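Inside the fold
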Amino acid sequence: MAQPYSSPARRGCPLIRHAFLQACGEDADEVMATFRAFLLLYGRSARQRPLVGCPGCQDLTPDERKLLRLLALAQPSADPTAAARLYALVEHLMRPGTTDGLMVASRAMAGALGAHGLSLPVRPMALERTATPGRYDA
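Sequence order sets the numbering: in each chain, residues are counted from 1 along the sequence as written. At least 70 in pLDDT is required for a residue's local features to be given in this predicted model, at least 80 for side-chain atom pairs to be given and counted, and no such filter applies to totals for whole chains, interfaces and linings, which use all residues. For the side-chain quantities, the full set of heavy atoms in the structure was used; hydrogens and water were omitted.

**Brief notes about the pattern of salt bridges**
Operational definition: Take a side-chain nitrogen of Lys or Arg and a carboxyl oxygen of Asp or Glu: if they are within 4 Å of each other, that pair is a salt bridge. Numbering of helices and strands runs from the N terminus; a helix is a DSSP stretch of H or I covering at least four residues, while a strand is a stretch of E covering at least two. Burial classes: relative accessible area under 20% of the type maximum marks a residue as buried, over 50% as exposed, and values in between as partly exposed (1.4 Å probe, protein chains only).
Enumeration according to the criterion identifies 3 salt bridges in this entry. Asp29 is paired through a salt bridge with Arg17; the nearest N and O atoms lie 2.5 Å apart. Here the residue Asp29 occupies a position in helix α2 (residues 28-45), and Arg17 occupies one in helix α1 (residues 14-24), the gap between them amounting to 12 residues. Residue Arg85 pairs with Asp79 through a salt bridge whose shortest N-O separation is 3.3 Å. Since its relative accessible area comes to 31%, Asp79 is described here as partly exposed.

Next up, the structure:
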């Protein structure tokens, strides 16, 4: 999914498709399309080309962790600092002038996940700098 130049006729990696089907049921294709748009915007606007692991890898790359943190912060939250933290992270990751599209795409993806009862935990700010390999929380 992180490779935007694959054939549109292909449905992509069967492992990823299975995971989306398990998580989102009949809406899997729409949620995958939202995720693909999010990844495409991120890949085209990021200051650095993101490094991603293969589907099913247990460990996450630092860039995958940043993407998860971005989506976790884009979720609706009662935390009054979440919006500012999201904006700061997007400003840090993206080239100047390219942040608006990613803000919209990250909120759309977070909304698509939330509509299916899926959410990502947001770590307290003091824990944001400690990365634990293999963890999927943001």
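From this point, the discussion proceeds with the structure in view.
**A look at helix α4 (residues 82-93)**
What counts is decided by this rule: To estimate the expected span of a helix, count its residues, drop one, and scale the result by 1.5 Å. Think of the arc as the fan of directions from the helix axis to the C-beta atoms.
Under the 1.5 Å per step criterion, the end-to-end length of α4 is 16 Å for 12 residues, consistent within 8% with the ideal 16 Å. Restricting attention to buried positions, one finds in α4 the residues Ala82, Arg85, Leu86, Leu89, Val90 and Leu93. Each buried residue of α4 sits inside an arc of 130 degrees when the element is viewed along its axis, so together they form one side. Every exposed residue of α4 that faces more than 90 degrees away from the buried side is listed here: Ala84 and His92.

**Looking at the packing of α1 against α2**
What counts here: Angular values range over 0 to 180 degrees, each being the angle between N-to-C directions of two axes fitted as lines to C-alpha atoms, with helices fitted over their stretch in contact. Should an angle fall under 35 degrees it is taken as roughly parallel, and over 145 as roughly antiparallel, whereas 65 to 115 is taken as roughly perpendicular and any remaining angle as oblique. When the near helix sits turned anticlockwise from the far one by under a right angle, the crossing is termed left-handed; a clockwise turn instead gives a right-handed crossing. Note on definitions: a residue-residue contact is assigned when non-hydrogen atoms from the two residues lie within 4.5 Å. Classes in brief: Ala, Val, Leu, Ile, Met, Phe, Trp, Tyr, Cys and Pro nonpolar; Asp, Glu, Lys and Arg charged; the others, Gly included, polar.
Close contact between α1 and α2 brings their axes to 9 Å; oriented N to C, the two are set at 120 degrees. Our classification of the angle between α1 and α2 gives oblique. Judged by the sense of rotation from one axis to the other, the crossing of α1 with α2 is right-handed. When α1 is examined against α2, the residues Ile16, Arg17, Phe20, Leu21 and Cys24 are found in contact with a partner set consisting of Ala28, Asp29, Val31, Met32 and Phe35. Residue composition of the contact of α1 with α2, grouped by class: 8 nonpolar, no polar and 2 charged.

**Here we look at the packing of α2 against helix α3 (residues 62-74)**
Where α2 meets α3, the closest approach of the two axes is 13 Å, and the angle between their N-to-C directions is 120 degrees. It follows that α2 is oblique to α3 by the angle criterion. α3 is crossed by α2, and the crossing has right-handed handedness. On α3, the residues touching Phe35, Phe38, Leu39 and Tyr42 of α2 are Leu67, Leu70 and Leu71.

Fair warning: the whole summary comes from geometry, so function is off the table for now.
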